[in-house]
Amino acid sequence: MAAPKAVPIVLDRQARGTLQRLARSQTAPVRTARRARIVLAAADGAGNEQIAAELDCSPNTVRTWRGRFAEHGIDGLADARRSGRPRRLGQVERVAVTAVATSAPPGPAATWTHAAIAGRLAERAITVSASQVGRILAEADLKPYKVRGWLNRRDDPAFWDRAADICDLYLNPPPGAVLLSIDEKTAIAARSRKYPDIPAAPGRAARREFEYKRHGTASLMAAMDVASGQVVGEIIARNDADTFIGFLTMLDQLIDPAREIHVVLDNGSSHTAKKTKAWLAAHPRWHAHFTPPHASWLNQIELYFSALAKTVIRYGDFSSRDDLIEKIDSYILGKNETAKPYRWTYDGTPLKAA
């Protein structure tokens, strides 16, 4: 028996533009974007089987939305009205859902689920389903399962003085001096996936198997020349004062002894240890500038670590710890060839629109 003939799709310029926007949209529902891609592919002459294979859906799904668009246009891509009238919830139920969602859940649970909220209301003789709870919370833009961390900064009188000092170094570095930004990125995991990734395709993000093998970790100690953006890095076995002093000693030997050295550090234990302070006191050309507590973002090397994580580490696949170290070293060497200083604009004063 021959397969039913595909409904032809013809698009004018306006309809094609609307469908292309829907297909690329980051905010439209996934199902709507897929339906738009189905119609666009159909308009370009693709058959139902071909479209289904490319978009990872069934030929019947392609046939349905192809036909709906041919009959109703863009409006046909919306979900059809379901039979029956949904139960309407009154203000009492809505207020009750909100009240429970904004209260502390019973132990040992740490957050509410839709089912748990519905169960708590049932104890009070208020009948609301878990799906209705979800709709009410969505309308109220309330997400009881989501917790966003934040830090209540201590009222440190020296905060703005330290912040201004470091920002002034970036904006007005001392003439003839070397300005370094130093920190460590610890416990970088060397992991390899058990199965190979599936590369990205039009309309589909790359896919990665969640199972992986661990091959140990590595820690990186790095110093960035703020004036050039170039970095000296060293893989370390331990993050302690002795290791840090060894790194400083190596830098001290590399830098022209006639030049003063200013270094930006956070308040890590290896940076503030007695041994480190004694080393700095014994090397008077070194001038340490410490970021305020909980403000390591003022240390420019953190910008470099962020780029390293995004480019190499976050989605990297490493067959061994040595493979991880080799790729980190390769990144540093390659980056140094085209390094540029970061463009720093913040001056260390209270932000007007904080």
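Cut-offs used in this document
- Residues numbered from 1 in each chain as written.
- Predicted model: local features only at pLDDT ≥ 70, side-chain atom pairs only at ≥ 80, totals over all residues.
- Heavy atoms only, no water.
- Phe/Tyr/Trp six-rings, centres within 6.5 Å; stacked < 30°, edge-to-face > 60°.
- Buried < 20%, exposed > 50% of the residue type's maximum accessible area, 1.4 Å probe, protein only.
- Lys NZ or Arg CZ within 6 Å of the ring centre and 35° of its normal.
- Pairing = 2+ DSSP bridges.
- Helix = DSSP H or I, 4+ residues; strand = E, 2+ residues; numbered from the N terminus.
- Axes fitted to C-alpha atoms, helices over the stretch in contact; angles between N-to-C directions.
- Contact = heavy atoms within 4.5 Å.

Examining the packing of aromatic side chains
This structure, assessed with the given rule, holds five aromatic pairs. With a centroid separation of 4.9 Å and 85° between ring planes, the pair formed by phenylalanine 159 and tryptophan 160 is classed as edge-to-face. Residue tryptophan 160 is classed as partly exposed on the basis of its relative accessible area of 31%. Plain terms: the ring middles of tryptophan 279 and tryptophan 286 are 5.4 Å apart, the flat faces sit at 75° to each other, and that makes the pair edge-to-face. Lying across the ring of tyrosine 212, arginine 191 places its NZ or CZ 4.4 Å from the centre.

Remarks on the sheet that holds strand β3 (residues 231-236)
Taken in spatial order, the five strands of this open sheet run β3-β2-β1-β4-β5, and their pairing is mixed. Two strands close off the open sheet at either side, each with one partner strand: β3 and β5 (286-290). Strand-to-strand, the axes of this sheet are offset by a mean angle of 30°, without reference to chain direction. In this sheet, β3 lies alongside strand β2 (residues 212-225) in antiparallel orientation, the contact comprising six bridges. Within β3, the residue paired with alanine 223 across the bridge is valine 232. The strands touched by helix α13 (residues 321-337) are β1 (178-193), β2 and β3; relative to β2, the strand with the most contacts, the crossing angle is about 30°.

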